[in-house]
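# Reading the structure
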Amino acid sequence: MNGVPRHLAVIMDGNGRWALARGKPRLAGHRAGAETLERVLAWCGEVGVEILTVYAFSTENWRRPKDEVEGLMRLLGLFLRNRRAKLLEDRVRFRVIGRRDDLPPALRRRIAALEAETAAFTRQLVVALSYGGLPAEERTDAAFARCLYAPDLPDPDLIVRTSGEFRLSNFLLWQCAYSELFVTDVLWPDFDRAAFDRALASYARRDRRMGGHA
Ligand code: IPE
Ligand code: IPE
Ligand code: MG
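Read on for an overview of the structure. Remember, it's a predicted structure, so these values are computed and weren't measured experimentally.

### Notes on helix α2 (residues 26-47)
Spanning 22 residues, α2 covers 31 Å between terminal C-alpha atoms, matching the ideal 32 Å at 1.5 Å per step. Taken residue by residue, α2 has Ala28, Gly29, His30, Ala32, Gly33, Ala34, Thr36, Leu37, Val40, Leu41, Trp43 and Cys44 as its buried positions. Among the structural elements, β1 (7-11), α1 (15-21), β2 (51-55), α3 (66-90), β4 (123-128) and α6 (193-205) are those in contact with the buried residues of α2. After α2 finishes, the residue glycine 48 shows a positive phi value of roughly 95°.

### Focus: the packing of α2 against α6
Close contact between α2 and α6 brings their axes to 11 Å; oriented N to C, the two are set at 50°. Between α2 and α6, the angle falls in the class oblique. When the axes of α2 and α6 are compared, the crossing they make is right-handed. Contact with α2, carried on its side by Val40, Trp43, Cys44, Glu46 and Val47, involves Arg193, Phe196 and Leu200 of α6 and no other residues of that element.

### Focus on the site of ligand 1
Taken together, 13 residues are adjacent to ligand 1, and Asp13, Gly16, Arg17, Arg26 and Arg64 come closest. Arginine 17 has a polar backbone atom sitting 2.7 Å from an oxygen atom of ligand 1. A total of 380 Å² of accessible area belongs to ligand 1 in isolation, and the protein chains cover 85% of it. Given that more than half its atoms are within 2 Å of the pocket grid, ligand 1 belongs to the largest pocket. At the level of elements, α1, α2 and α3 are the ones that each hand at least two residues to the shell around ligand 1. When residues in the shell around ligand 1 are grouped by element, the largest group, 3 residues, is from α1. Here the shell around ligand 1 is composed, by residue class, of 3 nonpolar, 5 polar and 5 charged.

### Here we look at the packing of aromatic side chains
All told, the structure shown has 7 aromatic pairs when counted by the stated rule. With 5.8 Å between their ring centres and 80° between their planes, tyrosine 131 and phenylalanine 171 make a pair best called edge-to-face. Taken together, the residues span a long stretch of sequence, with tyrosine 131 in the loop between β4 and α5 (141-147) and phenylalanine 171 in the loop between β5 (158-161) and β6 (180-183) at a distance of 40 residues. With respect to burial, tyrosine 131 and phenylalanine 171 carry one shared label: buried.

Basis of the calculations
- Per chain, residue numbering runs from 1 following the sequence as it is written.
- Chains carry letters and ligands carry numbers; both start at the beginning, A for chains and 1 for ligands, and go up in the order they are written.
- Where local features are concerned, this predicted model is filtered to residues with pLDDT of at least 70; where side-chain atom pairs are given and counted, the filter is 80 or more; whole-chain, interface and lining totals use all residues.
- Processing note: side-chain calculations cover all non-hydrogen atoms of the structure and skip hydrogens and water entirely.
- Only DSSP runs of H or I reaching four residues or more are called helices, and only runs of E reaching two or more are called strands; each is numbered from the N terminus.
- Under the convention used throughout, the expected extent of a helix is 1.5 Å for every residue step, that is, one less than its residue count.
- Partly exposed residues are those whose accessible area sits between 20% and 50% of the maximum for their type, while under 20% is buried and over 50% is exposed, using a 1.4 Å probe and protein chains only.
- Whether two residues touch is decided by their heavy atoms; if any such pair falls within 4.5 Å, the residues are in contact.
- Comment: axis = line fitted to C-alpha atoms, over the contacting stretch for helices; angle = value between 0 and 180 degrees taken between N-to-C directions.
- Here is the rule for angles: anything less than 35 degrees is roughly parallel, anything more than 145 is roughly antiparallel, 65 through 115 is roughly perpendicular, and the remaining ranges are oblique.
- The hand of a helix crossing depends on one turn: near helix anticlockwise from the far one by less than a right angle means left-handed, and clockwise means right-handed.
- One heavy atom within 4 Å of a molecule or strand is enough for the residue carrying it to be called near that molecule or strand.
- Two N or O atoms count as a polar contact when they lie within 3.5 Å, although within protein this holds only if one can serve as hydrogen donor and the other as acceptor, and sequence-adjacent residues are included solely when both atoms are side-chain atoms.
- Under the convention used here, a 1.4 Å probe and the Shrake-Rupley method define accessible areas, while residue burial counts only the protein chains that appear.
- Definitions used throughout: a 1 Å grid over protein atoms alone; a cavity as a set of points that fits a 1.4 Å probe which cannot get out; a pocket as an open set with protein on both sides within 12 Å along at least five of seven lines; a lining residue as one with an atom within 4 Å of a point.
- The way we define it, a molecule is inside a pocket or cavity when more than half of its atoms are within 2 Å of that pocket's grid points.
- Residues were grouped as follows: Ala, Val, Leu, Ile, Met, Phe, Trp, Tyr, Cys and Pro as nonpolar; Asp, Glu, Lys and Arg as charged; and all remaining residues, including Gly, as polar.
- Pairing of aromatic rings covers Phe, Tyr and Trp, the last counted by its six-membered ring, and requires centre-to-centre distances within 6.5 Å; plane angles under 30 degrees mean stacked, over 60 mean edge-to-face, and any other angle means tilted.

Right under this line is the structure:
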């Protein structure tokens, strides 16, 4: 039995399909997804997950239509503005990993301010933005380690992907070497406490041999 993962990473997928199924614009799905993230962060606090890393926007997601990309950037800015007080109250450290230089300047400033304000806290919310796990330029182990956006983070114990896709989509490729994986068909906006508990219960049953013997 493994208890509760210290570091939980989530690939928040399925917002678009959730919206499509309801005849709504994709952005409505992203808005619902942002609310799911707030709930999941609260559950992490309740059960004792110390670090929650979420994949919010990949380096490949820039290829989406301009409207959707702009809408997502706006939504991220709103998320930071609306969640700031709660993060401070709950003493959650906020960090971004990824190519932050790709982000709009106003969003970058908001991120930097919140990172500075919360830097001393122990619980962490890490948001992967314009994130890709494999920098194409560098290929040796040492170079990889130097390239990590947050080398101090422990590797994720459990990676959850919603929406039934059995792939990592360029998320934490280096750090996932011995992570346990959990894929659920639930679309991210529908990810509820029962789905969260199923993921953690599955993790608790895993035999983490890490290459050792049984
Ligand atoms: C995940 O939902 C959020 C982002 C990648 C920004 P999607 O937008 O990928 O939703 P689907 O996969 O189209 O349902
Ligand atoms: C992965 O989802 C990225 C995020 C959840 C932010 P995508 O929807 O972009 O991944 P693919 O295209 O299904 O691999
Ligand atoms: Mg998707």
